[in-house]
Amino acid sequence: AAISLKSSLSVGDIIEIGNDEEAIRQKVVSMQIDRENVEHAESGDSIGVIVRCPVRAGESVYKIII
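All figures in this text were calculated on a predicted structure; none of them were measured in a lab.

What counts and how
- Residues numbered from 1 in each chain as written.
- Predicted model: local features only at pLDDT ≥ 70, side-chain atom pairs only at ≥ 80, totals over all residues.
- Heavy atoms only, no water.
- Pairing = 2+ DSSP bridges.
- Helix = DSSP H or I, 4+ residues; strand = E, 2+ residues; numbered from the N terminus.
- Contact = heavy atoms within 4.5 Å.
- Polar contact = N/O pair within 3.5 Å; in protein donor to acceptor, adjacent residues only side chain to side chain.

Engineer: In this structure, what is going on with the pairing of strand β3 (residues 14–18)? I would like to understand it.
Structural biologist: Successive side chains on a regular strand alternate, one facing one side of the sheet and the next facing the other. As paired strands, β3 and strand β4 (residues 23–27) are joined by five bridges and run antiparallel to one another. Its bridge partner being in β4, Ile-15 is matched across the sheet by Gln-26. Inspection of the sheet shows β3 paired to strand β9 (residues 60–64) by five bridges, in the antiparallel sense. Following the sheet pairing, Ile-14 is matched in β9 by Ile-64.

Engineer: What is the right way to look at the environment of Ser-43 in this model?
Structural biologist: Tracing the sequence through the fold places Ser-43 in the loop between β7 (40–41) and β8 (46–49). Spatially, the C-alpha atoms of Ser-43 and Glu-22 are 26 Å apart, while their sequence positions differ by 21 residues. The residues contacting Ser-43, other than those within four sequence positions of it, are Leu-5, Lys-6, Ser-7 and Ser-8. Reaching out from Ser-43, the side chain makes a polar contact with the backbone oxygen of Lys-6 at a distance of 3.4 Å.

Okay, structure coming up:
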C-alpha cells in the first residue's frame, strides 16, 4: 500500500487501514521510500508498506498508539 504520511511512522508501529465498516490492524514490518528500505519516515514522506489484505485507494490509515 502507498501511504502519504501526515505524521512520523517507524517499523514496528501498529497501523489501522480501512473505513467505518471494515478495517485491518497490523504491525509495520518493513517500509520503503523510492524502493529503498527505511526504518523511519516523517510527515510529508510517501512510503510503501506490505499489507496482509487488499486495501482500496482513499481508505484512511491511522497509527495506533498503545
